[in-house]
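Here's the letter readout for the chains.
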Amino acid sequence: MKDALSIAMISDFFYPNVGGVENHIYMLSTNLIRRGHKVIVITHSHPPDRVGVRWLLPSLKVYYIPFMTIASSATLPNYFTFLPYFRTIILREHINLIHAHASLSSLGQEGILHAHFFGVRTVFTDHSLFGFEDAASILTNKLLAAALKNVDAVICVSHTGRENTVLRGQLFEPSEEDPSVSVVRSSVYTIPNALVAEQFTPSPPSRPLDTINIVVISRLAYRKGIDLLVATAPRICAAFPNVNFIVGGDGPKLNDLLQARERLLLQDRIELLGPIKHRDVRNVLTRGTIFLNTSLTESFGIAILEAACTGLYVVSTRVGGVPEILPEDMISFANPDEDDVFRALSEAIQIVSAGDHDPLEAHARVKQFYDWMHVAERTEAVYNTVVRSEPIGFETRVTRTMSLGPFAGLVYTAILIVDCLFFLFLEWWMPREDMDFVEEHWKPDVFADFAGEIKRST
């Protein structure tokens, strides 16, 4: 893109918390900065002292808004309380595009609601898969549909995730050929995650060739299929005396794993490491030969990518967007049931025992497939399309919001109108002329050239 943009990443999920969404926002932001754009992050505070403005390398400014979380680092949807903070930041920083992340992020959805008052364009990235039947999914899907009715573009991290988001967010529009037929919006894109391959290099094998370690790094929760791990691990230990398990992570299913290990006297075969910091993930992965993922639902699975880059052969349940991550010769799939996971693990043990998997070759292939700069370039292309598109007018926004349904449509339309009135009140109460605007004392193009030189030299 020829003209540099001022971009605000908005999400409830960001550092100091560690996770896939947090890492995605940081890596995308830093690479967009390297490409000459200005990027800031807006998220909630973290007690006791992570509030206000902080800076992360290389030059990423983070606004920690003083909002309390309710569960899993997510804030309570409030719609109006965020607007005064949002307005001040957007105006002071001269933001012309916001990029919201994660469907469970209230701040991200509210940012999309408020942004149109400022003429700021909106992009949303969904990172997860959700169902349609339970009460929690029904509520979150309705909130997501309300937010995405007026978003300019949507990005998903896998094609399976794209299908899921299209259905949950009702991202349909009348066909140009036949208005009675609905088609998926043309503004829905698929851009996968990536990783820094240099941080996940294989190490020379230091363990005996007849010993195989199966590594599991995951949150120990039902959604991650830990029940399958609890059922399968003892069977693998009984069938293959030279196979051990190394399990990293914490969660509500930890007790089930501990009880199975104690009951079957497998303390010397199943090692439980507890929570693993992201900087220590490679050190754990290099101890293994096979990586096991038993998730029941997964949009992309960055842990699988990290394991494959470190040279491990991967065994995973065939769910969500996992089949899109790696070539078939680098991964074995299983249905999410105990017997098939046992079969896939048995095949993987035979493959690595026969020396048919080369860790260094696997690392080189993953390094070629996935790169954050490539992700930033594709995201930049989406930004370019959004900036050039026609803005959504207020009447169109009201019409789209009313299409949510006879009850939800009225509720969200009322929220939209009240939000508009509150915005006008803030314009009168805190005039823009009285604000102190942020001035840039450095040239983005000079920084981009310098960052490019550093990357070429390394």
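How each quantity is defined
Residues numbered from 1 in each chain as written. Predicted model: local features only at pLDDT ≥ 70, side-chain atom pairs only at ≥ 80, totals over all residues. Heavy atoms only, no water. Pairing = 2+ DSSP bridges. Helix = DSSP H or I, 4+ residues; strand = E, 2+ residues; numbered from the N terminus. Axes fitted to C-alpha atoms, helices over the stretch in contact; angles between N-to-C directions. Parallel < 35°, antiparallel > 145°, perpendicular 65-115°, else oblique. Contact = heavy atoms within 4.5 Å. Nonpolar A, V, L, I, M, F, W, Y, C, P; charged D, E, K, R; others polar. Buried < 20%, exposed > 50% of the residue type's maximum accessible area, 1.4 Å probe, protein only. Right-handed = clockwise from strand over helix to strand, strands pointing away. Patch = residues over 30% accessible without salt bridge, like charges linked within 9 Å, V, L, I, M, F, W, Y side chains within 5 Å. Areas by Shrake-Rupley, 256 points an atom, 1.4 Å probe, with all protein chains shown as cover. Salt bridge = Lys/Arg side-chain N within 4 Å of Asp/Glu carboxyl O. Polar contact = N/O pair within 3.5 Å; in protein donor to acceptor, adjacent residues only side chain to side chain. Lys, Arg positive; Asp, Glu negative; His and termini not counted. Expected span 1.5 Å × (residues − 1). Phe/Tyr/Trp six-rings, centres within 6.5 Å; stacked < 30°, edge-to-face > 60°. Lys NZ or Arg CZ within 6 Å of the ring centre and 35° of its normal.

A. Seen up close, the sheet that holds strand 8 (residues 121-126). If you trace the 8 strands from one edge of the open sheet to the other, you get 3-4-2-1-7-8-9-12, paired in mixed fashion. Edge strands, defined here as strands with exactly one partner in the open sheet, are strand 3 (52-56) and strand 12 (188-190). Along the sheet, successive strands turn relative to each other by an average axial angle of 25°, direction set aside. Pairing of strand 1 (residues 6-10) with strand 2 (residues 38-44), which is carried by 5 bridges, proceeds in the parallel orientation. Its bridge partner being in strand 2, Ala8 is matched across the sheet by Ile40.

B. Molecular detail of the packing of helix 4 (residues 135-148) against helix 5 (residues 159-169). Between helix 4 and helix 5, the shortest axis-to-axis distance is 8 Å and the interhelical angle comes to 85°. Considering the angle they form, helix 4 stands roughly perpendicular to helix 5. Seen from helix 4, the contacting residues are Asn141, Leu144, Ala145 and Leu148; seen from helix 5, they are Thr165, Arg168 and Gly169. Counted by class, the contact of helix 4 with helix 5 contains 3 nonpolar, 3 polar and 1 charged residues.

C. How the structure looks around the pairing of strand 13 (residues 212-217). Most of strand 13 sits out of view: 6 of its 6 residues are buried. Alternating residues of strand 13 divide into Ile212, Ile214 and Val216 and Asn213, Val215 and Ile217, and every residue in both groups is buried. Pairing geometry for strand 13 and strand 14 (residues 243-248), over 6 bridges, is parallel. The residue of strand 14 that forms the bridge with Ile214 is Phe245. Regarding the hand of the β-α-β motif, the stretch spanning strand 13, helix 6 (residues 226-239) and strand 14 is right-handed. Bridge count for strand 13 against strand 16 (residues 290-293) is 2 bridges, and the pairing is parallel. Residue pairing across strands places Val215 opposite Phe291, the latter belonging to strand 16.

D. Region of interest: the sheet that holds strand 18 (residues 331-334). Reading across from one edge, 15-14-13-16-17-18 is the order of the 6 strands in this open sheet, with parallel pairing throughout. At either end of the open sheet lies a strand with only one pairing partner, and these are strand 15 (270-274) and strand 18. Averaged over all adjacent pairs, the angle separating strand axes in this sheet is 20°, with direction ignored. Sheet contacts for helix 6: strand 13, strand 14, strand 15, strand 16 and strand 17 (313-317); angle to strand 14, the most-contacted strand, approximately 155°. Its contacts with the sheet put helix 7 (residues 254-263) on strand 14 and strand 15, and the angle it makes with strand 15 is roughly 150°.

E. A nonpolar patch on the surface, seen in detail. Residues Phe132, Leu167, Phe172 and Val184 make up a contiguous nonpolar surface patch of about 350 Å² in total accessible area. Mapped onto the elements of the fold, Val184 is located in strand 11 (residues 182-184).

F. Inspection of the side chain of Asp126 at higher detail. With respect to the helices and strands, Asp126 occurs in strand 8. By relative accessible area, Asp126 is classed as buried at 2%. Engagement of the side chain of Asp126 in a polar contact is seen with the side chain of Thr165, the distance being 2.8 Å. Side chain to side chain, Asp126 and Arg168 meet in a polar contact 2.9 Å long. Setting aside chain neighbours within four positions, we find Asp126 in contact with Ser103, Leu144, Ile155, Cys156, Val157, Thr165 and Arg168.

G. Examining the side chain of Glu22 more closely. One can find Glu22 in helix 1 (residues 20-34). Although buried, Glu22 forms no salt bridge, and the nearest oppositely charged side chain, Arg223, lies 11 Å from it. Excluding anything up to four places from it in sequence, Glu22 contacts Phe13, Phe14, Tyr15 and Asn17.

H. Looking closely at helix 1. In a regular helix each residue adds 1.5 Å, so 15 residues correspond to 21 Å; helix 1 covers 21 Å between its end C-alpha atoms and thus fits that length. With 13 of its 15 residues buried, helix 1 lies for the most part within the structure.

I. Broad picture of helix 4. For helix 4, built from 14 residues, the straight-helix expectation of 20 Å at 1.5 Å per residue is met to within 8% by its first-to-last C-alpha distance of 20 Å. Within helix 4 the residues assigned to the buried category are Ser137, Thr140, Asn141, Leu143, Leu144, Ala145, Ala146, Ala147 and Leu148. Those residues of helix 4 that are buried are in contact with helix 3 (106-115), strand 8, strand 9 (153-156), helix 5 and helix 14 (408-429).

J. Structural context of the packing of aromatic side chains. Taken as a whole and assessed by the stated rule, the structure comprises 12 aromatic pairs. Arranged with centres 6.5 Å apart and planes meeting at 15°, the rings of Phe422 and Phe425 form a pair that is stacked. Here Phe422 pairs with Phe425, and both are found in helix 14, just 3 residues apart, close to one helical turn. Phe422 gets classed as partly exposed once you look at its relative accessible area, which sits at 23%. The ring of Phe342 carries Arg235 above its face, with NZ or CZ at 4.4 Å from the centroid. Taking the ring centre of Phe117 as reference, the NZ or CZ of Arg397 above it sits at 5.3 Å.

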